Amino acid sequence: MNMRAVKTIWVRELRVHLRDRANVISSVARSVLWLLVFGGGFGAARFSGLEVGYQEFLFPGIIAMSLLFTSIRSGISVIWDREFGFMKEILVSPASRFSIMAGKMLGGSTIAVVEGLIILLLGPLFGIKLSAFGVLACLFFMFLISFSLVSIGLIVSSIMKTFEGFQSIMTFLIMPMFFMSGALFPIDKLPSWMTPIVSLNPLTYGVDALRQILVGVGKYGILFDIFVLSLAAVVTMAGGVRAFRNRE
Amino acid sequence: MFAIETKDLTRRFGDVVAVEKLSIQVESGEVFGLLGPNGAGKSTTLNMLCTILKPTSGSALVNGLDVDREPNRVRESIGIVFQDPSVDNRLTGRENLEMHAELYGVEKQLALSRIEELLRLVELDFRADDLVKTYSGGMRRRLEIARGLIHHPKVLFLDEPTIGLDPQTRAKIWDYIKRLTVEEEITIILTTHYMDEAELLCDRVGIIDHGKIVALGKPSDLIRDVGEDLATLRIEDNSRASEFDGAPFVRRVYTGESVSLVLNDGGSTLPKLFEYAASKGIKILSIELRRPTLNDVFLHYVGRELRAEHGDGKDRMRLMRRRRGL
């Protein structure tokens, strides 16, 4: 692996994304909107059996949502690079495919985590108590979650040839992953058809871990969350590398 | 050592043979043009030499390195300017160049001075810190040429370097390419289907059709082999046209509304033609000499029939980009 190439691609991803302020602002604004409207509306309706207020319950879920949207978009942005020819320049350079892929992954995850962190720091406005340790622990999990998600985006980008299919990715991948991750509601009393999907969704374990750290409730043990998330990261990264290699 | 040496280089796509047993040698320092109609195998050849495509059989050495066995080292030693745009619109011109230097492992200080030098060469220094998004098509092309040179490649590949550009910009780009051959020790391989471009820039050209080389040599030699100088004149009394047949330097005479003479060598025989006409008392009203060009050579070898165009996705993308003015 060529560290200089990894860093170059990483920096490029950050630059391109962060330069466009509207990207970051709209992403953070979307999360705040969910927290205010969804959190406020459903919070007023009151769920039975929640150990904490709905807004606090929702907060880690919305961080996960932000990570999900931004990471997958970053992975998919390879399609954009390809359509506008820029990918070719990178692929004919002496940098190895693996370095390029690693740079893409780090770049995408960093962007997702930066946005996640902004939302996290808004936590006190929504009844979340932050500690230094809590923030650090969240950062660790946010990176771990993003690795898998960016890789999933990279895999999708190798299957999809143009951006025309983006709407179906939204409908059939991103939204189901979001809805069936426990981000919005507790997952212990779900209809039986939904349970297997929720258990197979890596985001479920990310939401669970963040929720344990931030509001102290959760379904699985934190070590189990780390285990599943790491496994998911390894598997999806391997898939991402493969997808990247096969492309001519 | 040759800059490029291929032996029986072949590439198949399924049943279609895109390039068939291509054997060419390009000397160091040469400007070599690959000409051919659409789909003749130019880009496939170029892609194999740039290690983007693997050859089906045969071999190719670039700077003495085998493209199949040492693709990474080949990549370090070449620069490529693709036919399609390949700069990052969302970075500035300078950032694009810096990124290239990083990817090719150019030492930081060296890269900085090299980037300045190249920005001046392609006259983009004054726009270097603007986003490429705001550049015109010609400026992007110039940036791509500069980028291809950052790591001091020994061979520069230019795929259709002036396609879609206006005449002034094309002339500018020709200037840069010519200056390169003087200022840098570099071999240039270019593909084009503009014959004027090839005639102007190339020391040697290879015309490729249906995946095979059909003609190879210096443009002037190829022109001499194929072309005929044609003088078209109007004379006072058309009935006397046949008298030109007697002149030793006239090969053939065609008479119609005007008289057309096929001459051995138009430049030197034109004065003789005047003398000959004067001695016979034939009055010439006007004369026009048409010398053959590489175009005639091309049409001679490749024929005049139109090729079926493939409306594949790539062409559509190009069309879209051109419409959007990208």
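Note that this is a predicted model, so its numbers are computed, not measured.

The rules behind these values
- Residues numbered from 1 in each chain as written.
- Chains lettered and ligands numbered in written order.
- Predicted model: local features only at pLDDT ≥ 70, side-chain atom pairs only at ≥ 80, totals over all residues.
- Helix = DSSP H or I, 4+ residues; strand = E, 2+ residues; numbered from the N terminus.
- Buried ≥ 20, exposed ≤ 12 C-beta atoms within 10 Å, placed from the backbone.
- Contact = placed C-beta atoms within 7 Å.
- Nonpolar A, V, L, I, M, F, W, Y, C, P; charged D, E, K, R; others polar.
- Pairing = 2+ DSSP bridges.
- Axes fitted to C-alpha atoms, helices over the stretch in contact; angles between N-to-C directions.
- Core = buried A, V, L, I, M, F, W, Y, C linked by C-beta atoms within 7 Å.
- Parallel < 35°, antiparallel > 145°, perpendicular 65-115°, else oblique.
- Left-handed = near helix turned anticlockwise from the far one by under 90°.
- pLDDT = per-residue confidence, 0-100.

The number of helices and strands found in chain B is 11 helices and 15 strands. When its C-alpha atoms are laid out on the principal axes, chain B stretches across 75 × 45 × 40 Å. Looking at chain B residue by residue over its 326 residues, the buried ones come to 37%. Once local pairs closer than 6 in sequence are excluded, the contacts in chain B between residues at least 24 apart make up 70%.

Many structure descriptions define interface size as the accessible area lost when the parts assemble. Each side of the interface is counted separately: chain A has 18 residues, and chain B has 21 residues. Secondary structure elements with two or more residues in the side of chain A that touches chain B: helix 1 (3–19) and helix 4 (86–91) of chain A. The element best represented in the side of chain A that touches chain B is helix 1 of chain A, accounting for 7 residues. Classifying every residue of the side of chain A that touches chain B gives 8 nonpolar, 3 polar and 7 charged.

For the rest of this paragraph, the subject is the pairing of strand 12 (residues 229–235) of chain B. All names here are of chain B. In the sheet, strand 12 pairs with strand 14 (residues 259–263) via 5 bridges, with the strands oriented antiparallel. The partner of D229 across the bridge, within strand 14, is L263. Sheet topology places strand 12 next to strand 15 (residues 284–290); 6 bridges connect them, and they run antiparallel. Bridging across to strand 15, A231 finds its partner in L289.

Whenever strands of a sheet pair, they do so through backbone hydrogen bonds, lying parallel or antiparallel. All names here are of chain B. One open sheet accounts for 4 strands, arranged 13-14-12-15; its pairing is antiparallel. Each edge of the open sheet is held by one strand with a lone partner, namely strand 13 (250–255) and strand 15. In this sheet, neighbouring strand axes are inclined to one another by 20 degrees on average, regardless of whether the strands run parallel or antiparallel.

A separate point is the nonpolar core. In this structure, A64 and L68 of chain A together with F157 of chain B are the most contacted members of the largest nonpolar core, which totals 131 residues. Setting aside residues no more than four positions away along its own chain, A64 of chain A makes contact with I145, S181, A183, L203, G206, V207 and L210 of chain A.

So, about the environment of L14 of chain A. Residues and elements named next belong to chain A. Secondary-structure assignment places L14 in helix 1. The exposure class of L14 is partly exposed, given the 16 C-beta atoms found within 10 Å. The spatial distance from the C-alpha of L14 to the C-alpha of R4 is 15 Å, given a sequence separation of 10 residues. Look past the residues within four positions of L14 in its chain and what remains in contact with it is G107, T110 and I111.

Helix packing for two helices is described by the angle between their axes and how far apart those axes are. Residues and elements named next belong to chain A. For the pair helix 5 (residues 97–121) and helix 6 (residues 132–159), interaxial distance at closest approach is 8 Å and the crossing angle is 135 degrees. Looking at the two axes, helix 5 sits oblique to helix 6. By crossing handedness, the relation of helix 5 to helix 6 is classed as right-handed. Counting all contacts with helix 5, which are made through M101, K104, M105, G108, S109, A112, V113, G116, L117 and L120, the residues of helix 6 involved are V135, C138, L139, M142, F143, S146, F147, V150, S151, G153 and L154. In terms of residue class, the contact of helix 5 with helix 6 is made up of 14 nonpolar, 6 polar and 1 charged.

All right, on to the environment of V207 of chain A then. Residues and elements named next belong to chain A. Relative to the assigned elements, V207 resides in helix 9 (residues 202–215). Take V207: there are 29 C-beta atoms within 10 Å of it, and that puts it in the buried class. In this structure the C-alpha to C-alpha distance between V207 and D225, which are 18 residues apart in sequence, comes to 9.3 Å. What V207 contacts, discounting residues up to four positions off in sequence, is P60, G61, A64, S181, G182 and A183.

The subject of this paragraph is the sheet that holds strand 8 (residues 155–159) of chain B. Residue and element names in this part refer to chain B. Across the sheet, which stays open at both edges, the 6 strands sit in the order 7-8-9-4-10-11 with mixed pairing between neighbours. A strand with exactly one partner marks an edge of an open sheet, and here the two such strands are strand 7 (78–81) and strand 11 (212–217). Going from strand to strand, the sheet's axes swing by 15 degrees on average, the running direction of each strand aside. One ladder, built from 5 bridges, connects strand 4 (residues 31–35) with strand 9 (residues 187–192); its direction is parallel. If you follow F32 over to strand 9, its bridge partner there is I189. Seen against the sheet, helix 10 (residues 294–302) touches strand 4, strand 10 (204–209) and strand 11 and runs at an angle of roughly 30 degrees to strand 10.

As a packed pair, helix 1 of chain A and helix 3 (residues 93–103) of chain B sit with axes 8 Å apart at the nearest point and diverge in direction by 155 degrees. Looking at the two axes, helix 1 of chain A sits roughly antiparallel to helix 3 of chain B. Of the two elements, helix 1 of chain A crosses helix 3 of chain B, and the hand of that crossing is left-handed. Across the interface between the two elements, R4, A5, T8 and R12 of chain A of helix 1 of chain A pack against M99, E102 and L103 of chain B of helix 3 of chain B. The class makeup of the residues in the contact of helix 1 of chain A with helix 3 of chain B is 3 nonpolar, 1 polar and 3 charged.

Let's shift gears to the environment of S258 of chain B. Residue and element names in this part refer to chain B. Examined against the element boundaries, S258 turns out to sit in the loop between strand 13 and strand 14. For S258, a count of 16 C-beta atoms within 10 Å translates into the label partly exposed. A C-alpha to C-alpha distance of 36 Å links S258 and D166, two positions 92 residues apart in sequence. Setting aside anything within four residues of it in sequence, one finds S258 in contact with T232, L233 and R234.

For the rest of this paragraph, the subject is the confidence of the model for chain B. Averaged over all residues, the pLDDT of chain B is 86; the fraction at 70 or higher stands at 92%. Note on the complex model: pTM 0.83, ipTM 0.86.

On to the confidence of the model for chain A. Looking at chain A, the pLDDT average stands at 90 and 99% of residues meet or exceed 70. Across chain A, helix 9 of chain A holds the top mean pLDDT of 95, while helix 4 of chain A sits lowest at 86.

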